[in-house]
Amino acid sequence: MRVVVPGSFDPITNGHVDVVERVARRVDHVVVAVLVNPAKQGTFSVDERMDLIRASLDHLDNVAVDAFEGLLVDWCNANGIGVIAKGLRAVADFEYELQMAQMNARIGDIETMFVPASPSSSYLSSSLVKEVARFGGTVTGTVPAVVEDALLARLAESD
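Conventions used here
- Within each chain, residue numbers correspond to sequence positions counted from 1 in written order.
- Side-chain atom pairs in this predicted model are given and counted only at pLDDT of 80 or more, local residue features only at pLDDT of at least 70, and totals for whole chains, interfaces and linings cover all residues.
- Calculation of side-chain values draws on the structure's entire complement of heavy atoms; hydrogens and water are dropped beforehand.
- By definition, any uninterrupted DSSP run of H or I lasting at least four residues is a helix, any uninterrupted run of E lasting at least two residues is a strand, and each is numbered from the N terminus.
- Three labels apply to residues, based on accessible area from a 1.4 Å probe with only protein chains included: buried if under 20% of the type maximum, exposed if over 50%, partly exposed otherwise in between.
- Throughout, a residue-residue contact means that at least one pair of heavy atoms, one from each residue, lies within 4.5 Å.
- We get accessible surface area from the Shrake-Rupley algorithm with a probe of 1.4 Å; when it comes to residues, only the shown protein chains can shield them.
- None of His or the chain ends enter the tally, which takes Lys and Arg as positive and Asp and Glu as negative.
- Every charge is mapped onto a representative atom, which is NZ of Lys, CZ of Arg, CG of Asp or CD of Glu.
- Strands are labelled as partners when DSSP assigns at least two bridges between them.
- Helix axes are fitted to C-alpha atoms over the stretch in contact, other axes to C-alpha atoms as well, and angles between N-to-C directions run from 0 to 180 degrees.
- Should an angle lie under 35 degrees it is considered roughly parallel, over 145 roughly antiparallel, and from 65 to 115 roughly perpendicular; all remaining angles are considered oblique.
- All amino acids are sorted into three groups, where Ala, Val, Leu, Ile, Met, Phe, Trp, Tyr, Cys and Pro are nonpolar, Asp, Glu, Lys and Arg are charged, and the leftover types, Gly among them, are polar.
- Ring pairs shown here join Phe, Tyr and Trp side chains whose ring centres sit within 6.5 Å, with only the six-membered ring taken for Trp; geometry is labelled stacked below 30 degrees between planes, edge-to-face above 60, and tilted in between.
- Counted as salt bridges are all cases of a side-chain nitrogen of Lys or Arg within 4 Å of a carboxyl oxygen of Asp or Glu.

Q: I keep staring at the overall build of the protein chain and nothing clicks. Help me out?
A: The helix and strand tally for the protein chain stands at 6 helices and 5 strands. Its helices and strands in sequence order give the protein chain the pattern β-α-β-α-β-α-β-α-β-α-α, from N to C terminus. In the protein chain, which comprises 159 residues, the proportion classed as buried is 45%. Taking the contacts inside the protein chain whose residues are at least 6 apart along the sequence as the reference set, 75% of them involve residues at least 24 apart. When the accessible area of the protein chain is evaluated, it comes to approximately 8600 Å², of which 53% is carbon and sulfur surface. In the protein chain, which carries 13 positive and 22 negative side-chain charges, the distance between the mean positions of the two groups comes to 3 Å.

Encoded structure:
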């Protein structure tokens, strides 16, 4: 079975890594797909995010990284992927993701697998990590080391 784990991953956190690792143990192939949103300026470019994801997940042989623009279901159908895996941190995530899953099933015949966040990472979000780092707090242990280095370097550039 081929599964996609989509997101903006700006940047990838240890919570994302945990979800991908857990999905990868249960399926044949996982594609981590980075959303290309031309209307939104991220901290990292799509190519930089993809490189950070590859570096963070290079220990997993059955994981690839790609990017998509537009509807995820169209990308899934074009790439022979019938299942989306989404990590859920809280009830608020579930409410939104359930609506998205039902729409994806309706318009693209794509199923969604929900993966609850591990307790050790359920509080993590890319936005929160960036905010803590921006104000000088430590993000060690919340993102892979390669991501921490890149994030701190990027924030230093903007000072």
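Read on for the rest.
Q: Help me understand the sheet that holds strand E2 (residues 29-35), please; the structure alone is not making it clear to me.
A: Whenever strands of a sheet pair, they do so through backbone hydrogen bonds, lying parallel or antiparallel. The 5 strands are arranged E3-E2-E1-E4-E5 in an open sheet whose pairing can be described as parallel. Two strands close off the open sheet at either side, each with one partner strand: strand E3 (63-68) and strand E5 (111-116). For this sheet, the mean angle separating the axes of adjacent strands, direction not counted, is 30°.

Q: Just checking my understanding: could you explain the packing of helix H2 (residues 46-57) against helix H6 (residues 145-157) for this structure?
A: Remark: H2 packs on H6, axes separated minimally by 9 Å, with the N-to-C direction vectors making an angle of 150°. On the basis of their axis angle, the class for H2 and H6 is roughly antiparallel. Here H2 contributes Glu 48, Leu 52, Ala 55 and Ser 56 to the contact with H6, which in turn contributes Val 146, Val 147, Ala 150 and Arg 154. In terms of residue class, the contact of H2 with H6 is built from 5 nonpolar, 1 polar and 2 charged.

Q: Explain the packing of aromatic side chains here, please?
A: Given two aromatic rings, one states the distance between the centres and the angle between the planes to describe the pair. In total, this model carries 2 aromatic pairs according to the counting rule given. With a centroid separation of 6.3 Å and 45° between ring planes, the pair formed by Phe 68 and Trp 75 is classed as tilted. Here Phe 68 matches Trp 75 in class, with each residue buried. Taking the centre distance of 5.7 Å and the plane angle of 65° together, the rings of Phe 94 and Phe 114 count as edge-to-face. Of this pair, Phe 94 sits in helix H4 (residues 91-108) while Phe 114 sits in strand E5, and the two are 20 residues apart along the sequence.

Q: Can you walk me through the pattern of salt bridges in this structure?
A: Opposite charge on two side chains makes pairing possible when the charged atoms of those side chains draw close. Going through the model one piece at a time under the given rule, you end up with 8 salt bridges. Linking Arg 54 and Asp 51 is a salt bridge whose minimum nitrogen-to-oxygen distance equals 3.2 Å. Residue Arg 54 and its partner Asp 51 are both found in helix H2; the two are separated by 3 residues, about one turn of the helix. Judged by relative accessible area, Asp 51 falls into the partly exposed class, the value being 47%. Residue Glu 97 is joined to Lys 86 by a salt bridge in which the shortest nitrogen-to-oxygen separation is 3.4 Å. Of this pair, Glu 97 sits in helix H4 while Lys 86 sits in strand E4 (residues 83-88); the two residues are 11 residues apart in sequence, bridging distant segments of the chain. Residues Glu 97 and Lys 86 agree in their burial class; the two are buried. Connected through salt bridges with shared partners, the residues Asp 10, Arg 49 and Lys 130 form a single ionic network.

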